[in-house]
Amino acid sequence: MTSPNAELTAWIAEVRKQFPALDVQVNGKALVYLDSAASAQTPMPVIEAMDDYYRSKRSNIHRGVHFLSQEASEAYEAVRPQAASFLGASDPDEIVFVRGTTEGLNLLAYGLGERALQPGDEVVVSEMEHHANFVPWQRACHLTGATLRVIGMDDRGVLDLERAAEVIGPRTKVVALSHVSNALGTVNPVAEVARLAHEHGAVVVVDAAQSVPHMPVDVTELGCDALVFSGHKLFGPTGIGVLWARRELLEAMPPYQVGGGMIQEVTAEKTTWADLPMKFEAGTPAIAEVIGLGAAMKFVLDLGWENIQAAEHAVFAYAKEQLDALPFVKAIGSAPSQIGVYSFEIEGVPAYDLGTMLDQRGVAVRTGHHCAQPTMRRFGVDATTRASFAFYNTFEEVDALVAGLKRVHRLFG
Amino acid sequence: MDLKEIEENFEFLEDSEERFEYLIELGKGLDDFPDDQRTDDNRVYGCQSKVWLISEQAGDRMTFQADSDAFIVRGLLRILLALYNDRTPQQVGEADAEGLFERLGLEAQLTQGRRNGLHSMIKRIRQIAAEA
């Protein structure tokens, strides 16, 4: 390794100590975790924050006058301004805690789609959406008689901006786009698409599940109207995510779920909704998970984006170079903006076999359609093998993947 | 290759990586499956990979043919077919597939049934035999 890499290697080694699950042994071999795009590992501060809630703050929030409830409420509510600031938003009331990206997008597809669209209206998505940002809009269109339109991409997995300019028009009500494709790693030009959408008065929804672990995400810079991400891909707990939307949008939307905690007054005749953000948080929320998510965001910011990106970009560039150099590996997606994800196939080797054989060597990758069947169809494949990277992945782990691929290729050769 | 031979070969394998490599070898030798039988009706669902299964009965003997798009699964199918083919429906119903996979050191394949559908395949074969 050359000297700049020595510094990065040392930084990565230090960071890894915070992630206990990275030390797991698989079949007697060191785990090589290349599945962070599915779920990232969790550092000690997150585990400790959740543990602390259960040990010393365990209680329901908001409606308690007693000590523990106040402690828990404070810890929970402290994460709201933190999440707003993490996304470059100024108003903490614009933050709604949801179960994850899927729930956040379903909430938006309900409020902006199912309950708002009319025949003749159009919703625009891209061909590289995760099903979570595709199926809810498709269903909303089916239920309302609106039309779903899909922006394609080129052979590298780059969004067709010219087509976007044609598709987005006066009938467009919503444009829903992933910031980063989960199956291809393409970073999409969200700000440009948002400008196109706003020219026609459409609302822009961003699925940021795959971008927040890799880069600072600022809703003002993106120019979007709503954005959703999941905690568990950002080194936080499962079962928690963040929905941000402009206040006017949230105020105009009907509640997604109704019940406790989200009402102002209930009588036999009618119910009035609580103010933002409570209107969208019916029932007891995932308290420990919100607190854990707060610790995860703090962990990332304490590490510093500059450090995170330096390490991750170096290892990812190395991975791309090594994998591209294998003659039997065919990359699926090679956008210049690609980040965090390397999707590929090996001719004659089914993805299931490839993933299973890599697992025998401790290398964890994901195989299948990655909940992105329109993307798979675009590339003419049923499934790919996806290696995904986070800032804790090492150069050696790339080598282990490459060695595993060579071995599997020989088996099938 | 009969079941005895397969069992003997497994005895020489030292770790799970070698067992999987051997499953792939077995999978490469699985008998050809008729193209026109790769239909939705013949699909065995419950696996990450695609599996097809058909059966025939000649006299009191049953014959199964199977296919998958994954070689590891084809290897598992080859073992299943060696266990079940050319048996009476009653023998098929009584054959101890679970015990066999445990003896072969493939018990993890049984517990990971959601991934490879081994349980679904065994269940389907037993169902066919019960209705025969």
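Every chain is numbered independently, its residues counted from 1 as its sequence is written. Chain labels run from A onward and ligand labels from 1 onward, assigned in the order the entries are written. Restriction of local features to residues with pLDDT of at least 70 applies here, the model being predicted, together with a cutoff of 80 or more for giving and counting side-chain atom pairs; totals for whole chains, interfaces and linings are based on all residues. Calculated side-chain values reflect all of the structure's heavy atoms, with hydrogen atoms and water omitted.

Caption draft 1: Quick peek at the overall build of chain B. Each helix is a run of H or I in the DSSP string that is no shorter than four residues. Each strand is a run of E no shorter than two, and both are numbered from the N terminus. What chain B contains, in helices and strands, is 8 helices and 2 strands. Here the globule rule is a power law, 2.2 Å times the number of residues to the power 0.38, and the radius of gyration is based on C-alpha atoms. Rg of the C-alpha trace for chain B: 14 Å, near the compact-globule value of 14 Å for 132 residues, within the 12% margin. Structurally, chain B occupies a C-alpha span of about 40 × 25 × 25 Å along its principal axes. Exposure categories follow from relative accessible area, calculated using a 1.4 Å probe and restricted to protein chains: below 20% of the type maximum is buried, above 50% is exposed, and the middle band is partly exposed. A total of 132 residues make up chain B; the buried ones form 48% of that total. Should any heavy atoms of two residues lie within 4.5 Å, those residues are considered in contact. A separation of at least 24 residues holds for 59% of the contacts in chain B among residues at least 6 apart in sequence. Accessible surface, chain B as shown: approximately 6800 Å² in total, 42% of it carbon and sulfur. We score Asp and Glu as negative and Lys and Arg as positive, and we do not count His or the chain ends. Every charge is mapped onto a representative atom, which is NZ of Lys, CZ of Arg, CG of Asp or CD of Glu. Distance from the positive charge centre (16 side chains) to the negative charge centre (28 side chains) of chain B: 5 Å. In these tables, accessible area is a Shrake-Rupley quantity obtained with a 1.4 Å probe, and a residue counts as shielded only by the protein chains included in the view.

Caption draft 2: Representation of the interface of chain B and chain A in the model. Of the residues lining the interface, 18 residues belong to chain B; the matching set on chain A comes to 15 residues. Of the roughly 1500 Å² buried at the junction of chain B and chain A (both faces included), carbon and sulfur atoms supply 52%. Note on definitions: salt bridges are taken to be side-chain nitrogens of Lys or Arg within 4 Å of carboxyl oxygens of Asp or Glu. Taken together, the connections running from chain B to chain A amount to 4 salt bridges. Whenever two N or O atoms come within 3.5 Å, that pair is a polar contact, provided that in protein one can donate a hydrogen and the other can accept it, and provided that, for residues adjacent in sequence, both atoms are side-chain atoms. Summed over the shared surface of chain B and chain A, the result is 7 residue pairs in polar contact (both at pLDDT 80 or more). Among the secondary structure elements, those contributing two or more residues to the side of chain B that touches chain A are α2 (16-28), α3 (71-84) and α7 (113-116) of chain B. No other element matches the 7 residues that α2 of chain B contributes to the side of chain B that touches chain A. Under the scheme applied, nonpolar residues are Ala, Val, Leu, Ile, Met, Phe, Trp, Tyr, Cys and Pro; charged residues are Asp, Glu, Lys and Arg; polar residues are all the others, including Gly. Counted by class, the side of chain B that touches chain A contains 6 nonpolar, 5 polar and 7 charged residues. By definition, the buried area sums, over both parts, the 1.4 Å-probe accessible area that each loses when the two are put together.

Caption draft 3: Seen up close, the packing of aromatic side chains. All names here are of chain B. By convention, a stacked pair of Phe, Tyr or Trp rings (six-membered ring in the case of Trp) has centres within 6.5 Å and planes under 30 degrees apart, an edge-to-face pair has planes over 60 apart, and any other such pair is tilted. Using the criterion set out here, one finds 18 aromatic pairs over all chains in the structure. Each ring, one from Phe-10 and one from Tyr-22, has its centre 5.1 Å from the other, and the planes form 75°; the classification is edge-to-face. In this pair, Phe-10 is assigned in helix α1 (residues 3-11) and Tyr-22 in helix α2, connecting sequence segments 12 residues apart. With respect to class, Phe-10 is no different from Tyr-22; both count as buried.

Caption draft 4: Representation of the pairing of strand β8 (residues 203-207) of chain A in the model. Residues and elements named next belong to chain A. Within β8, 5 of the 5 residues are buried, leaving the element largely enclosed by the surrounding structure. Every second residue of β8 is oriented toward a common face, with Val-203, Val-205 and Asp-207 on one face and Val-204 and Val-206 on the other, all of them buried. We call two strands paired when DSSP finds no fewer than two bridges between them. Pairing analysis gives 5 bridges linking strand β7 (residues 172-178) to β8, with the strands arranged parallel. Bridge pairing in β8 places Val-174 opposite Val-203. Between the parallel elements β7 and β8, the chain passes through helix α7 (residues 190-199) in a crossover that is right-handed. Orient the strands so they point away from the viewer, and a crossover whose first-strand-to-second-strand path over the helix runs clockwise is right-handed.

Caption draft 5: Structural context of the pairing of strand β10 (residues 241-245) of chain A. All names here are of chain A. Of all 5 residues that make up β10, 5 are buried, and the element is covered over most of its length. Here β10 shows a buried face lined by Gly-241, Leu-243 and Ala-245 and a second buried face lined by Val-242 and Trp-244. With 4 bridges joining them, strand β4 (residues 95-98) and β10 adopt antiparallel strand pairing. Opposite Val-98, over in β10, you have Gly-241 as the bridge partner. Looking at chain direction, strand β9 (residues 226-230) and β10 are connected through 5 bridges and run antiparallel. In the sheet register, Val-228 faces β10, and the bridge partner there is Leu-243.

Caption draft 6: Quick look at the nonpolar core. What we call a nonpolar core is a set of buried Ala, Val, Leu, Ile, Met, Phe, Trp, Tyr and Cys residues that are connected through their side-chain atoms within 4.5 Å. Leu-227, Phe-229 and Leu-405 of chain A together with Ile-79 of chain B are the most contacted members of the largest nonpolar core, which has 154 residues in total. For this core, the element with the highest residue contribution is helix α10 (residues 287-303) of chain A, accounting for 11 residues. When residues of this core are assigned to domains, at least three fall in each of domain 1 (6-30 + 304-412) and domain 2 (47-301) of chain A. Core analysis: the next-biggest nonpolar cluster, separate from the first, contains 29 residues, Leu-108, Cys-141, Val-228 and Met-253 of chain A among them. Note that the domain bounds were set by an automatic or database domain assignment.

Caption draft 7: Looking closely at the sheet that holds β8 of chain A. Residues and elements named next belong to chain A. Taken in spatial order, the 7 strands line up as β4-β10-β9-β8-β7-β5-β6 in an open sheet, and their pairing is mixed. Because the sheet does not close on itself, it has two edges, and the strands there are β4 and β6 (147-151). Each neighbouring strand pair of the sheet contributes to a mean axis angle of 20°, computed without reference to strand direction. Bridging between β8 and β9 involves 3 bridges; their strand directions are parallel. Across the sheet, Val-206 pairs through a bridge with Leu-227, a residue of β9. Angles shown run from 0 to 180 degrees and are taken between the N-to-C directions of axes, each axis being a line fitted to C-alpha atoms and, for helices, limited to the stretch in contact. Those strands touched by helix α3 (residues 67-86) are β4, β9 and β10, and its axis lies near 115° from that of β4. Lying over the sheet, helix α4 (residues 101-114) contacts β4, β7, β8, β9 and β10, oriented at roughly 155° with respect to β9.

Caption draft 8: Examining α7 of chain A more closely. Residue and element names in this part refer to chain A. Of the positions making up α7, those classed as buried are Val-190, Val-193, Ala-194, Leu-196 and Ala-197. For α7, the angular spread of buried residues about the axis comes to 160°, placing them on one side. When the buried face of α7 is taken as reference, the exposed residues oriented beyond 90 degrees from it are Arg-195 and Glu-199. Those residues of α7 that are buried lie in contact with α6 (161-167), β7, β8 and α8 (219-222). An arc is given here, and it is the one of the directions from the helix axis to the C-beta atoms.

Caption draft 9: Region of interest: the domain arrangement of chain A. All names here are of chain A. As assigned here, chain A comprises domain 1 (6-30 + 304-412) and domain 2 (47-301). Taking only C-alpha atoms, the centre of domain 1 and the centre of domain 2 are 28 Å apart. Listed per partner, the contact involves 34 residues of domain 1 and 30 residues of domain 2. Of the roughly 2700 Å² buried between domain 1 and domain 2 on both sides combined, carbon and sulfur atoms contribute 62%. Per-residue buried area on domain 1 facing domain 2 is highest for Trp-305, Ile-339 and Arg-378; these three make up 26% of the total on that side. Our count for the domain 1 to domain 2 interface comes out at 2 salt bridges. In this assembly, domain 1 and domain 2 are joined by 19 residue pairs in polar contact (both at pLDDT 80 or more). The set of elements that each furnish at least two residues to the side of domain 1 that touches domain 2 consists of α11 (305-324), β14 (341-346) and α13 (373-378). Among the elements that line the side of domain 1 that touches domain 2, the one with the most residues is α13, at 5 residues.

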